[in-house]
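Residue-level structural notes
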Amino acid sequence: MTDDEVLTQTRHWLEKAVIGLNLCPFAKAVYVKNQVRLVVSHARHADDLLEELDRELDLLVATPAEEIDTTLLIHPTLFEDFLDFNDFLELADGVVSEHELEGVIQLASFHPRFQFDGTEPDDISNYTNRAPFAMLHLLREESVDKAVEAFPEADAIFEQNIQTLEKLGIEGWKALGLR
């Protein structure tokens, strides 16, 4: 799969699910302003991906939010298994700590087989964090705080997302061209 294909699928997911279903009410503003950096990783090992995360953290912190507000570090092949990816997230969080960016940058994660603890694999609630590829989402805490201030019921987003997805169903998800 080419980088262009990965980016096309990622943009489709962002536009149809994240923005289209309003799973993240904050995403549209930065996306339409072209402030979302999409990076396709070719890392062959987890260590290589951690080095890429190092570089992306440095770049994000050094770049004004008006230019890059958030970054999606996408890996289309390294983490086929969700549990392996989930284990990797501890290492990724460690990189944020090593950079002394706790409270500055937070990581969110997405995976094609994302599964919340205590759910069945095909539970629609898992689709809130499903994406076409394994992704690390680097978010500026300051931007998250501003978005939450502007959105009076930010705590309710997760529950609203579950309701949206329950109404949509897996067939509705697939009908959007998502897997």
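Cut-off values and rules
Residues numbered from 1 in each chain as written. Predicted model: local features only at pLDDT ≥ 70, side-chain atom pairs only at ≥ 80, totals over all residues. Heavy atoms only, no water. Helix = DSSP H or I, 4+ residues; strand = E, 2+ residues; numbered from the N terminus. Rg over C-alpha atoms; globule rule 2.2 N^0.38 Å. Areas by Shrake-Rupley, 256 points an atom, 1.4 Å probe, with all protein chains shown as cover. Lys, Arg positive; Asp, Glu negative; His and termini not counted. Charge placed at Lys NZ, Arg CZ, Asp CG, Glu CD. Pairing = 2+ DSSP bridges. Axes fitted to C-alpha atoms, helices over the stretch in contact; angles between N-to-C directions. Contact = heavy atoms within 4.5 Å.

**As for the overall build of the chain**
- Regarding its fold elements, the chain presents six helices and four strands.
- The C-alpha atoms of the chain give a radius of gyration of 16 Å, which matches the 16 Å a tight globule of 179 residues would have.
- Each principal axis of the C-alpha distribution contributes one length, and for the chain these read about 40 × 40 × 35 Å.
- Just so you have it, the chain exposes about 10,000 Å², and 48% of that area is on carbon and sulfur atoms.
- Side-chain charges in the chain split into 14 positive and 36 negative, and the spacing between the mean points of these groups amounts to 9 Å.

**Here we look at the sheet that holds strand β2 (residues 70–75)**
- Strands sit in the order β1-β2-β4-β3 across an open sheet of four strands; the sheet is mixed. Edge positions in the sheet fall to β1 (36–40) and β3 (105–110), since each has one partner strand and no second. Shown here is a sheet whose adjacent strand axes are inclined to one another by a mean of 20°, direction ignored.
- In this sheet, strand β4 (residues 134–140) lies alongside β2 in antiparallel orientation, the contact comprising six bridges. Within β4, the position partnered with Thr71 by the bridge is Leu138.
- Across the sheet, helix α3 (residues 46–62) touches β1, β2, β3 and β4, and the angle it forms with β2 is around 165°.

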